Amino acid sequence: MKNPDADTVSLASALHSLVSQLEERNQELHALSGRAIYAQEEERKNIARSLHDDTGQALTMLIISLDQLEAHLPAQHGDLIQDVQAARQLAANALAELRRIVFGLRPAILDDLGLVSAIRWYARSNLEAAGIHIDVDAPEPMPELPPQISITLFRISQEAVNNILRHAAARSVHIHISLEAQSICLDVIDDGRGFDMQAVSDEALQSHHLGLLGLRERAELLGGEILLDSTPGRGTCLQVCLPIPVLLR
Ligand SMILES: Nc1ncnc2c1ncn2[C@@H]1O[C@H](COP(=O)(O)OP(=O)(O)OP(=O)(O)O)[C@@H](O)[C@H]1O
Ligand SMILES: [Mg+2]
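Since the structure is predicted, the reported quantities are computational estimates derived from the model, not experimental observations.

The rules we used
Residues numbered from 1 in each chain as written. Chains lettered and ligands numbered in written order. Predicted model: local features only at pLDDT ≥ 70, side-chain atom pairs only at ≥ 80, totals over all residues. Heavy atoms only, no water. Helix = DSSP H or I, 4+ residues; strand = E, 2+ residues; numbered from the N terminus. Expected span 1.5 Å × (residues − 1). Buried < 20%, exposed > 50% of the residue type's maximum accessible area, 1.4 Å probe, protein only. Arc of directions from axis to C-beta. Contact = heavy atoms within 4.5 Å. Disulfide = S-S within 2.5 Å.

Caption draft 1: Summary view of helix α4 (residues 115–127). Between its first and last C-alpha, α4 extends 18 Å over 13 residues, near the 18 Å set by a 1.5 Å rise per residue. Where α4 is concerned, the buried positions are Leu115, Val116, Ala118, Ile119, Tyr122, Ala123 and Leu127. Buried residues in α4, looked at end-on, bunch into an arc of 165°, giving them a common side. In the core, the buried residues of α4 are packed alongside α2 (78–105), α3 (108–113), β1 (133–137), α5 (147–168), β2 (172–179) and β3 (183–190).

Rendered as structure tokens:
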């Protein structure tokens, strides 16, 4: 074999060093995006706590005060009583909305009841309200999962449910959780209008469709992957599989 000339050798070595620099940058980016996601979860937890403990408490006190005010108003002040009742209703609505926001920020149900109940609760309360049939099946009993895995699967099912609500025009949705020897998988299957995956991924960044990209990133941070299968007119199936146990920070 002919000896490669000096130029080729130095070109190859320059390329090699460029590739390793790129790999390093890639790893740094990966680590940074991991930290950003977990910092975001921490921040959400703090906001949720303060909304729940301070604002929620204040609204509850307001409702109690309005109840007391109404009880003390003489019956002949009918107009005033109606005003107080209307104000009470507004405060009650605000409290319900606050609870919904707090849940979205920090699904306490995830800590209290575990992953499957939290996913079932979120999917049912959002999809059934929109007239979409939903069923969720999962292995019984479900092993205790590391918090990063639970929160990642919960956030992924939230985005999948939101996408179904916003884009799918589905009639029914099936959520299936399964355990393999070393991984846990979540499938979200809808019978909606489906979409052209290539067109969507080409325009995702320009059009700020970041939901699916974010899901992929979350899954990859835990060493898992997302499989998306959609065809216009034939519904969508989103599957995420994460290895267990994996603890990444
Ligand atoms: N279940 C689905 N059924 C039909 N189309 C879908 C479904 N999920 C996603 N899509 C299509 O894929 C596109 C990209 O979804 P993605 O979640 O990335 O962005 P988005 O929902 O538009 O915006 P966001 O960044 O707020 O999530 C959507 O705009 C929609 O056209
Ligand atoms: Mg989305």
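Caption draft 2: View of unusual backbone geometry. In the segment running from glutamate 140 into proline 141, the intervening peptide bond is cis, with an omega of -10°. With respect to the helices and strands, proline 141 occurs in the loop between β1 and α5. Phi angles above zero are rare outside glycine, and alanine 169 is one such case at about 50°. Within the element layout of this structure, alanine 169 appears in the loop between α5 and β2. Of the residues examined, alanine 169 reaches a relative accessible area of 56% and is grouped as exposed.

Caption draft 3: Representation of the state of the cysteines within the structure. Considering all chains together, one arrives at one disulfide under this definition. There is a disulfide in this structure between cysteine 185 and cysteine 241, and the S-S distance comes to 2.0 Å. Taking the sign of the torsion about the S-S bond as the criterion, the disulfide between cysteine 185 and cysteine 241, at about 110°, is right-handed. Within this pair, whereas cysteine 185 is found in strand β3, its partner cysteine 241 is found in strand β5 (residues 236–243), the two being separated by 56 residues in sequence. There is no split in this pair, since cysteine 185 and cysteine 241 are both buried. Cysteine 241 supplies the cysteine sulfur nearest to cysteine 237, a cysteine that is in no disulfide, at a spacing of 10 Å. Judged by its relative accessible area of 22%, cysteine 237 is partly exposed.

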